[in-house]
Amino acid sequence: MGYVSAVPPSPAATADAEAPEAGSARRSVAVALLLGALGATVVLLASGRVWARGSAAVGGGSLPLTADGRAVTGLPAALAIVGLAALVAVFAVRGRGRLLVSVLLALSGLGGALSAVAAADDHRALDERAVTATADTAARAAELTHTAWPYITAAGAVLILLAGLLAVRFGRAWPAMGGRYERDGSPRRKAPAAVDPDRPEDLWKALDRGEDPTH
């Protein structure tokens, strides 16, 4: 039969046990913020680059055509903005709300990556520009080439996904904004200042605050 101690653990031992967990939470916050901000920046910048090139036959020659990421698909950039908003909102909510926002952050990254890869070989944007350039509804873009920017966009979205996964895993231990407010949103009440009955100025200050100095 084992020996069970009835002596509760000392505060120092409890603090030593909680220290690694607090350190992990701080590191995960820093990493998630870095990944989320960097990923959203990459997605927004890469979405504005040329994703596809081609040409349209005009008269006896050809007209060069280009299409950037936002012309091909606006979904990765839109989801990156959603991810940024979710990354900030993670610190504004607690409990189940924080978990839901963390899942939204992860899904934003996943959706951005999948949509960028799916549109990497898309040629509809170039076909539309060929129609506009030639005024011929049957015109199609020729000599199609695609750049690496869709995959760079997808890589940025994966960083947002990783930030969301970190938030799902460690977000419960992360700090929240507005620590001066209670859970219901109302400001915390400050404890009344101590009143020295032998000092008249303290009595007057208590009366000005609406307090009863006799209690």
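Preceding this paragraph is the structure being described.
Residues numbered from 1 in each chain as written. Predicted model: local features only at pLDDT ≥ 70, side-chain atom pairs only at ≥ 80, totals over all residues. Heavy atoms only, no water.

Chemist: Would you explain helix H3 (residues 75-89) in this entry?
Modeler: Helix length check: H3 (15 residues) gives 21 Å between terminal C-alpha atoms against 21 Å at 1.5 Å per residue, within 8%. Taken together, the buried positions of H3 are occupied by Pro 76, Ala 77, Leu 79, Ala 80, Gly 83, Ala 86 and Leu 87. (Helix = DSSP H or I, 4+ residues; strand = E, 2+ residues; numbered from the N terminus. Expected span 1.5 Å × (residues − 1). Buried < 20%, exposed > 50% of the residue type's maximum accessible area, 1.4 Å probe, protein only.)

Chemist: Would you mind going over the packing of aromatic side chains with me for this structure?
Modeler: For any pair of aromatic rings, the description rests on two quantities: the centre-to-centre distance and the angle between the ring planes. All chains considered together, the criterion is met by one aromatic pair. Ring centres 5.5 Å apart and planes at 10° place the aromatic pair Phe 91 and Trp 174 in the stacked group. With Phe 91 in the loop between H3 and helix H4 (95-118) and Trp 174 in the loop between helix H6 (149-170) and helix H7 (200-208), the pair connects residues that are 83 residues apart, well separated along the chain. A residue is classified by how much of its surface remains accessible, and Trp 174, at 4% relative accessible area, is buried. Positioned above the aromatic ring of Phe 170 is the side chain of Arg 169, whose terminal nitrogen or guanidinium carbon lies 4.6 Å from the ring centre. (Phe/Tyr/Trp six-rings, centres within 6.5 Å; stacked < 30°, edge-to-face > 60°. Lys NZ or Arg CZ within 6 Å of the ring centre and 35° of its normal.)

Chemist: Could you clarify how one ought to interpret the pairing of strand S2 (residues 61-68) in this entry?
Modeler: Here strand S1 (residues 50-58) pairs with S2 via eight bridges, running antiparallel. Paired with Ala 56 across the bridge in S2 is Leu 63. Between S1 and S2, which pair antiparallel and follow one another directly, the connecting turn spans two residues, one of which, Gly 59, has a positive phi of 65°. (Pairing = 2+ DSSP bridges.)

Chemist: How do you make sense of the side chain of Ser 115 when you look at a structure like this?
Modeler: If you trace the backbone, Ser 115 turns up in helix H4. Of the residues examined, Ser 115 reaches a relative accessible area of 12% and is grouped as buried.

Chemist: Can you walk me through unusual backbone geometry in this structure?
Modeler: What you tend to see is this: most non-glycine residues have negative phi, and most peptide bonds are trans. Its identity is not glycine, yet Ala 135 carries a phi of approximately 60°, on the positive side. Within the secondary structure, Ala 135 sits in the loop between helix H5 (124-134) and strand S3 (142-146). Even without being a glycine, Glu 143 presents a positive backbone phi close to 55°.

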